[in-house]
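Descriptive structure summary
What follows is the residue order along each chain.
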Amino acid sequence: MATEVLINDGGAPARIIPYIAGSTISAGDPLQVAADGEVDVCFTTSGSLLGVALTAATSGAIANVITGRGVVLNAKCSGSAGGDNIAPGVTLTPDARGFLVSGLNTAMGPPRGVAIALGTGSATAGLLKIQTY
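Please read all numbers here as calculations on a predicted model, not as lab measurements. (Residues numbered from 1 in each chain as written. Predicted model: local features only at pLDDT ≥ 70, side-chain atom pairs only at ≥ 80, totals over all residues. Heavy atoms only, no water.)

**A few points about the overall build of the chain**
Using the following cut-off: Counting from the N terminus, the helices are DSSP H or I runs at least four residues long and the strands are E runs at least two residues long. Note on exposure labels: buried denotes an accessible area under 20% of the residue type's maximum, exposed denotes more than 50%, and partly exposed covers the range between, all computed with a 1.4 Å probe on protein chains only. Note on contacts: a residue pair is in contact if any heavy atoms of the two residues lie within 4.5 Å. Per-residue and other accessible areas were derived by the Shrake-Rupley procedure at a 1.4 Å probe size, with only the shown protein chains allowed to occlude residues.
Check the secondary structure of the chain and you find 0 helices and 10 strands. Taken from N to C terminus, the helices and strands of the chain fall in the order β-β-β-β-β-β-β-β-β-β. Each of the 133 residues in the chain was classed as buried or not, and the buried ones make up 36%. Looking at the chain alone, contacts between residues at least 24 apart form 52% of all its contacts between residues at least 6 apart. Split by element, the accessible area of the chain, about 7,200 Å² in all, is 58% carbon and sulfur.

Set out below in structure tokens:
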């Protein structure tokens, strides 16, 4: 059995992005962004999977996260249409106004999101740091 966490089969390149660990993390753990903006192990299905830990990390240290998802950028977001303010780790979907809001899109089959919030947003629309799916 291979011991590597990162396996590249020649497809799209994986990204390795540093985050701050919010708890003790082992290499290979699936990770999510917690409400404090740090990464923790994804124990429940309610979390949005950010990626997988490349190496072990202790709380407060850099956790190298492997993701095949998109890029980190600033995007227009608004908490008002989602019914609450946006917090780190919340799954985001677009609304009819062209903003990303908290929640899942169920209009076209299984629930899905398009991004994960990496910062805190409010009911006032504005730019917010996200990571796209």
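Moving on from the model shown.
**So, the sheet that holds strand 3 (residues 39-41)**
Formally: Here, strands pair whenever DSSP counts at least two bridges between them. All axes here are fitted lines through C-alpha atoms, helices being fitted over the stretch that makes contact, and every angle between N-to-C directions spans 0 to 180 degrees.
Spatially, the 5 strands line up as an open sheet ordered 1-5-4-2-3, and their pairing is antiparallel. In this open sheet, the two edge strands, each paired with only one partner strand, are strand 1 (15-20) and strand 3. Ignoring which end each strand starts from, the neighbouring axes of this sheet average 45 degrees apart. Note that strand 1 and strand 5 (residues 62-67) share 6 bridges and pair antiparallel. Looking across to strand 5, one finds that Ile16 is bridged to Ile66.

**Remarks on the nonpolar core**
Inclusion rule: Definition of nonpolar core: a set of buried residues of the types Ala, Val, Leu, Ile, Met, Phe, Trp, Tyr and Cys, connected through side-chain atoms within 4.5 Å.
Counting residues in hydrophobic clusters, the biggest one holds 15 residues, and the most contacted among them are Tyr19, Ile25, Leu31, Val33, Val39, Leu50 and Ala63. Listed by contribution, the elements that provide at least two residues to this core are strand 1, strand 2 (30-33), strand 3, strand 4 (49-53) and strand 5. Excluding residues that lie within four positions of it along the chain, Ala63 makes contacts with Ile17, Pro18, Tyr19, Ala21, Ile25, Val39 and Ala57. In this structure, Ala75, Ile86, Leu92 and Ala117 belong to the second largest nonpolar core, which totals 9 residues.

**Let's talk about the pairing of strand 4**
Direction of pairing for strand 2 relative to strand 4: antiparallel, over a ladder of 3 bridges. Residue pairing in the sheet places Gln32 in a bridge with Leu49 of strand 4. Pairing of strand 4 with strand 5, which is carried by 2 bridges, proceeds in the antiparallel orientation. Across the sheet, residue Val52 finds its bridge partner in strand 5, namely Ile66.

**Some remarks on the environment of Cys42**
Of note, Cys42 is situated in the loop between strand 3 and strand 4. Note: C-alpha distance between Cys42 and Pro30 (12 residues apart in sequence) is 5.6 Å.

The values are spatial; any link to function lies outside them.
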